[in-house]
Amino acid sequence: MPNPAASSACDLISLPTVEKFKAAESAQLRRTFEANGDGRAYLRGRSDLIDSIVARLYHVLFSPDLRGPSGFCLAAVGGYGRKELFPFSDVDLLFLGVNADVLGRMRESVATLARHLWDLRMRVGHSARTIAECGQLYRDNLPFTISLLDARLLAGDPELFNALRSQSLRHLLARDQQELVRNLLSVTRDRHAKYGGTIFHLEPNVKEAPGGLRDYHVARWMTMIQEVAERGRWVQPQDLWPRDLRAKIDPSFRFLATLRCFLHLERDRDDNLLSYELQEKVAATGLGIRYGSAVDPAAWMRSYFLHVRAVHRLITRLIEESNPARSPLYGLFQDWRSRLANADFSIIRGKIFPRSPAVRDTAALLRLFEMVARHNLALSGEAERWVEESLQPAGSGPGASPHVETLPLADLWPTFRRILKLPYTANALRAMHRLGLLTVLFPEFRVIDALVIRDFYHRYTVDEHSFTAIQKISELKRSQDHSDSGSKESWRAQFKGLYEEVEQPEFLALALLFHDVGKGMPVSEHISGSFAAAESVCRRLALDAAEAASVLFLIKEHLQMSAAFRKDIFDPEAIRPFAEKIGTPERLKMLCLFTYADISAVNPEAMTPWKAEMLWRLYMMTFNLFSHNLDEERFHPEGKEAGSLRSAEEFLAPEGQSDSLKDFLDGFPRRYLAAHTPEEVGEHFQAATRLEEQPVYVRVRRRENFHDLTVITRDRPRLFASVTGTLAGWGMNILKADAFSNRAGIVLDVFRFHDLFRTLELNPTEAPRLENQVADVLSGRIPLHAVMAGRTAASLAQRHKVSIPTQISFDDKSSSRCTLLELVTHDRPGLLYQVGSVLGDLGCNIEVALIDTEAQRAIDVFYLTVEGAKLHLDRQESVRAALVEKLSASRP
């Protein structure tokens, strides 16, 4: 029979009145939050508001007595159960009945209450279960069981609700504890992996990312499950967390909860992404630091990462200490690891424990981290407390020294030196930094602790960037050799071989550790600050003059090789000044590895195959110069290029075209043969011999992470602009361009591009169509504007997140034949087409184009000639003025 309360609900409940009440109270909550910045008070206030509305509906729909009817109750679960209702969080409800008959009688009222809440513009999640059903584990819906851990009685039979917690859930958790914990750990690890296993994201998700609110709640659930399953008691989980972490967690939760409130209210939706724009807005309020006083966005993000680090450390500790049933093989593995114990430390279940915690000196602490670096072992909670307590000040004054007996840094250098050479150096350094030992030994490092540099290119904080760079070197040590040509493992093997040739790799790691500390100093150029800090460190370590010089050289010159990417690395005149600055082959090896690690640590995508290739080629060209093996710039068939020529001849058809091949190569720079395989040279030659029948040769090749477009034709005006315009019209992002020409006027251009929308990958027939369209544009069969029309409109509407002023400079010294034009500006669709058009209109021939992009900044270098000569000053100024006008007009 229909429930009479439900059928008359519309008469007794004035939803417009309730909605008006809800809107007024919500507005007041928002005003109060904006006035005081208290996120926890907002959560409680919104939960209380929803409680009052639900109670009013329950009173009408179910029972005038909020403690009835018998055998039925309504509970809040999940975040609502915890009284953590964020502005746009779901309202999760559990309708609990003693049996199915009771739930059947209440079905219409349940539906009516849920519908009314939706009508009041709440997102409602509800379920109706018997108490017996709540005692079952639903493996296809484990989040339901987890949500019951936070259940809170709203109305109805209190005895039934108590039976849920004291009987059904208690028995379920005792029976299925292992499976629930395993599931939580698996889901948490997968979620962490989705975010790269790091807390350091430029635009983090404050709920789901590692160290966010979800990790805080997982820590609560893991503790609650253990206590209820093993001791049968419901507790406040925070009271049971490790004592050394407890004090930091509550402020961190308050900070993150307040921040999430701010994000919801700013976006008017459940959006937990802390974007660049919102970082600026929240920093302007001083939220979580000094509310009402603006804070620099980078400083505010530094505070954010410190709070997230505390939560991440808690969840990591709890995951390591949890011990669901393991396989026998795991026990054998841990038994093997226990044999790594020594006189100072024991190994239990893969964790290090100090044998003599009363011994407190820096040498003993360093030996602890040496074990981490050598064996990749985790620190036990006892070991972490031993370190932190040893480092606590012995007195109360501002200059109080730590409990630990501090030895001169020079006496600690032998142990620290071993740490820097071991396979897991970065793990040891991270642990030393997290526990405070690193900054006790090296106060210089404190200025970059959780420091954020908002350049929209680096993924990590400055300290984490340094650790990641060292980790990249460590990964080279441990990597296996692979010989697949062009694979990521292939070029990594090259750098691994180079690392094995380095005589003192510990100084490479030491330089990487301090190369960016200047970013936290009040200096105009961070390198000068880093250099001064490293000088002090080298003195205290008592390094000899040669050792200190190696470290200081790497720090002072650590940007030289990445800057050299913007030069023509196949031009001896460009390489020679660089080689003179480096000085020795050993320094060249270390700087090459430094650059590899530094770029790789910027973000996971920073070390592209192209950059790895360019870095390796720059190393090889410079190394050859050191060895006095450089040939003349132009191709000489009878010289050392002859081997390459003979290899190319194997791919020629018909035979007997050796003289024609020499004519084809005549005038090409040596970099052509260095940049292309013999097979490619042979293919290019054959295409050049058929230009009478096929005036434009175009070929698209797919590589591992990009595509190459090769164009061979006779020189013509605006050739570069036509090809770049066509690629822009197709939505391709050009990464690199090389332009070659021989004495016969045959042009060979190679464009390396990224297929942003996977057009060619998902539609294989589109590659031939792109080839045909490039040929048609160059032949004049279709106008370029027809290709570009409508293709980039969406991209042009994108808002740039940082201002990048356009910089244009000319260099007549780096090349013996060309004038270098270096352009730094906002990257944008069609940029190379615009530049190529300007240069073509002014009669400039592009000999080489080196294209690079860092985040939204384009850094392009063009080697230019006019009628085979360098550009005169008046032509340079004409180019500058035309580019400024063109780029200003198209600036987003």
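Residues numbered from 1 in each chain as written. Predicted model: local features only at pLDDT ≥ 70, side-chain atom pairs only at ≥ 80, totals over all residues. Heavy atoms only, no water.

Trainee: What is the right way to read the overall build of the chain from this model?
Mentor: Counting its regular elements, the chain contains 40 helices and 15 strands. The buried share of the chain, reckoned over its 892 residues, is 55%. Contacts in the chain between residues at least 24 apart in sequence constitute 71% of all its contacts with a sequence separation of at least 6. A total accessible area of about 38400 Å² is found for the chain, and carbon and sulfur atoms account for 50% of it. (Helix = DSSP H or I, 4+ residues; strand = E, 2+ residues; numbered from the N terminus. Buried < 20%, exposed > 50% of the residue type's maximum accessible area, 1.4 Å probe, protein only. Contact = heavy atoms within 4.5 Å. Areas by Shrake-Rupley, 256 points an atom, 1.4 Å probe, with all protein chains shown as cover.)

Trainee: What is the right way to read the pairing of strand β4 (residues 152-156) from this model?
Mentor: Two faces make up the sheet, and in a regular strand the side chains alternate between them. The buried fraction of β4 amounts to 4 of the 5 residues, a majority that puts the element mostly inside the structure. Pairing of strand β1 (residues 72-76) with β4 involves 4 bridges; the strand directions are antiparallel. What sits directly across from L74, in β4, is A155. (Pairing = 2+ DSSP bridges.)

Trainee: Sorry, what's going on with helix α39 (residues 831-841) here?
Mentor: Because an α-helix completes one turn every 3.6 residues, residues spaced three or four positions apart along the sequence face the same direction. In terms of burial, α39 is a largely internal element, 8 of the 11 residues being buried. Among the residues of α39, those classed as buried are L831, L832, Q834, V835, G836, S837, V838 and L839. Looking at the residues trailing α39, positive phi occurs at G843, about 75 degrees.

Trainee: Help me understand the packing of helix α23 (residues 505-514) against helix α28 (residues 585-600) in this model?
Mentor: For any two helices packed against each other, one specifies the inter-axial angle together with the distance between the axes. Remark: α23 packs on α28, axes separated minimally by 10 Å, with the N-to-C direction vectors making an angle of 45 degrees. By the criterion of interaxial angle, the relationship of α23 to α28 is oblique. You can see that α23 and α28 cross each other, and the crossing is right-handed. On the side of α23, the interface is formed by F507, L508, A511 and L512, while α28 contributes M590, L593, F594 and A597. (Axes fitted to C-alpha atoms, helices over the stretch in contact; angles between N-to-C directions. Parallel < 35°, antiparallel > 145°, perpendicular 65-115°, else oblique. Left-handed = near helix turned anticlockwise from the far one by under 90°.)

Trainee: Sorry if this is basic, but what is going on with the environment of A41 here?
Mentor: Note that A41 resides in helix α4 (residues 39-61). Placed 43 residues apart in sequence, A41 and E84 show a C-alpha to C-alpha distance of 9.6 Å.

Trainee: Got a minute to help me understand the sheet that holds strand β6 (residues 351-354) in this structure?
Mentor: Working definition: the strands of a sheet are paired by backbone hydrogen bonds and lie parallel or antiparallel to each other. Strand order in the open sheet formed by 3 strands is β5-β6-β7, and the pairing between neighbours is mixed. Unpaired on one side and paired on the other, β5 (345-348) and β7 (378-379) mark the two borders of the sheet. Together, β5, β6 and β7 form the strand contacts of helix α17 (residues 381-391), whose direction differs from that of β6 by roughly 50 degrees.

Trainee: Honestly, the nonpolar core in this entry has me stumped. Any pointers?
Mentor: Among soluble globular proteins, nonpolar side chains are generally buried collectively. Counting residues in hydrophobic clusters, the biggest one holds 102 residues, and the most contacted among them are F369, F416 and F495. Residue contacts for F369: discarding those within four places in its chain leaves L379, V387, I419, A428, A431, M432, L435 and L437. Within the second largest apolar cluster, 89 residues are counted, among which are M106, L113, C261 and F262. (Core = buried A, V, L, I, M, F, W, Y, C linked by side-chain atoms within 4.5 Å.)

Trainee: Got a minute to help me understand the sheet that holds β1 in this structure?
Mentor: Spatial ordering of the open sheet is given by β3-β2-β1-β4, a layout of 4 strands whose pairing is mixed. The open sheet has two edge strands with one neighbour each: β3 (124-130) and β4. Geometrically, the sheet is characterised by an average inter-axis angle of 25 degrees between neighbouring strands, direction not taken into account. Helix α7 (residues 107-119) contacts β1, β2 (91-97) and β3 of the sheet and is inclined by roughly 165 degrees relative to β3.

Trainee: Looking at this structure, I do not really get the packing of α4 against helix α12 (residues 243-267). What am I missing?
Mentor: Contact geometry for α4 and α12: axes closest at 7 Å, N-to-C directions at 65 degrees. Considering their axes alone, α4 and α12 lie roughly perpendicular with respect to each other. Seen from α4, the contacting residues are G39, R40, Y42 and L43; seen from α12, they are D250, F253, R254, A257, T258, C261 and L265. Along the lines of polarity and charge, the residues of the contact of α4 with α12 split into 6 nonpolar, 2 polar and 3 charged. (Nonpolar A, V, L, I, M, F, W, Y, C, P; charged D, E, K, R; others polar.)

Trainee: Would you mind going over helix α40 (residues 873-889) with me for this structure?
Mentor: Here α40 is 17 residues long and its end C-alpha atoms lie 24 Å apart, about the 24 Å a rise of 1.5 Å per residue gives. Here α40 has its buried residues at Q876, V879, L883 and L887. Along the long axis of α40, the arc covered by the buried residues comes to 60 degrees, so they all point the same way. Along α40, exposed side chains directed more than 90 degrees from the buried face belong to D874, E885 and A889. In this structure, the buried residues of α40 make contact with β12 (807-811), β13 (819-826) and α39. (Expected span 1.5 Å × (residues − 1). Arc of directions from axis to C-beta.)

Trainee: Quick question: what am I supposed to make of the packing of aromatic side chains here?
Mentor: The relation between two aromatic rings is expressed through the spacing of the ring centres and the mutual angle of the planes. For the coordinates displayed, the defined rule picks out 26 aromatic pairs. For the pair F72 and F95, a centre-to-centre distance of 6.5 Å together with 25 degrees between the ring planes defines the contact as stacked. Of the two residues, F72 is situated in strand β1 and F95 in strand β2; the sequence distance between them amounts to 23 residues. For F72, a relative accessible area of 0% puts it in the buried group. (Phe/Tyr/Trp six-rings, centres within 6.5 Å; stacked < 30°, edge-to-face > 60°.)

Trainee: In this structure, what is going on with the pattern of salt bridges? I would like to understand it.
Mentor: Any two side chains of opposite charge can pair, given that their charged atoms come close. Summed over all chains, the structure comprises 54 salt bridges. The closest approach of N and O atoms between R267 and D271, which form a salt bridge, is 2.6 Å. For R267, a relative accessible area of 22% gives the class partly exposed. Among the ionic contacts, a cluster of salt bridges with common partners joins R313, R317, E384, E388 and R434. (Salt bridge = Lys/Arg side-chain N within 4 Å of Asp/Glu carboxyl O.)

Trainee: Got a minute to help me understand unusual backbone geometry in this structure?
Mentor: In terms of backbone geometry, most residues other than glycine have negative phi values and most peptide bonds are trans. Residue P69 is reached from G68 by a cis peptide bond, and omega for that bond is 0 degrees. Along the chain, the position of P69 falls in the loop between α4 and β1. The phi dihedral of K83 falls on the positive side, at around 60 degrees, and the residue is not glycine. Tracing the backbone through its elements, the reader meets K83 in the loop between α5 (78-81) and β2. According to the relative accessible area criterion, K83 is partly exposed, its value standing at 27%. The phi angle at R718 is positive, at roughly 60 degrees, despite the residue not being glycine.

Trainee: Even after reading the chapter, I still don't get the confidence of the model for the chain, so can you show me in this structure?
Mentor: Close reading of the predicted structure is inappropriate where its pLDDT is low. Chain-level statistics for the chain give a pLDDT mean of 85 and a share of 87% at 70 or above. Confidence drops under pLDDT 50 across residues 325-336; counting only partners more than four residues distant or on other chains, this segment forms 5 contacts. Contacts of residues 792-798 to residues separated by more than four positions or lying in other chains number 5 contacts, the stretch itself having pLDDT below 50. (pLDDT = per-residue confidence, 0-100.)

Trainee: Looking at this structure, how should I read the side chain of H433?
Mentor: Relative to the assigned elements, H433 resides in helix α19 (residues 425-435). Ignoring anything within four residues of it in the chain, the contact list for H433 reads R309, L438, T439, F445, D449, D463 and F467.

Trainee: Where do I start with the pairing of β5 in this structure?
Mentor: Two elements, β5 and β6, share 4 bridges in a ladder whose sense is antiparallel. Counted as the bridge partner of F345 is P354 from β6. Taking the residues that link successive antiparallel strands as the turn, the β5-β6 hairpin has 2 residues, and the phi of R349 there is positive, at about 50 degrees.

Trainee: Help me out: how do you make sense of the environment of W221 in this one?
Mentor: Its location among the elements puts W221 in helix α11 (residues 213-231). Distance in space between the C-alpha atoms of W221 and I146 is 7.3 Å, their sequence separation being 75 residues. The contact partners of W221, leaving out residues within four places of it in the chain, are R82, I146, L149, D150, L184 and R214.

Trainee: I would appreciate a short explanation of the environment of D544 in the present structure.
Mentor: When you line up the elements, D544 lands in the loop between α24 (526-541) and α25 (545-556). By relative accessible area, D544 is classed as partly exposed at 41%. A polar atom in the side chain of D544 sits 2.7 Å from the backbone nitrogen of E547. (Polar contact = N/O pair within 3.5 Å; in protein donor to acceptor, adjacent residues only side chain to side chain.)

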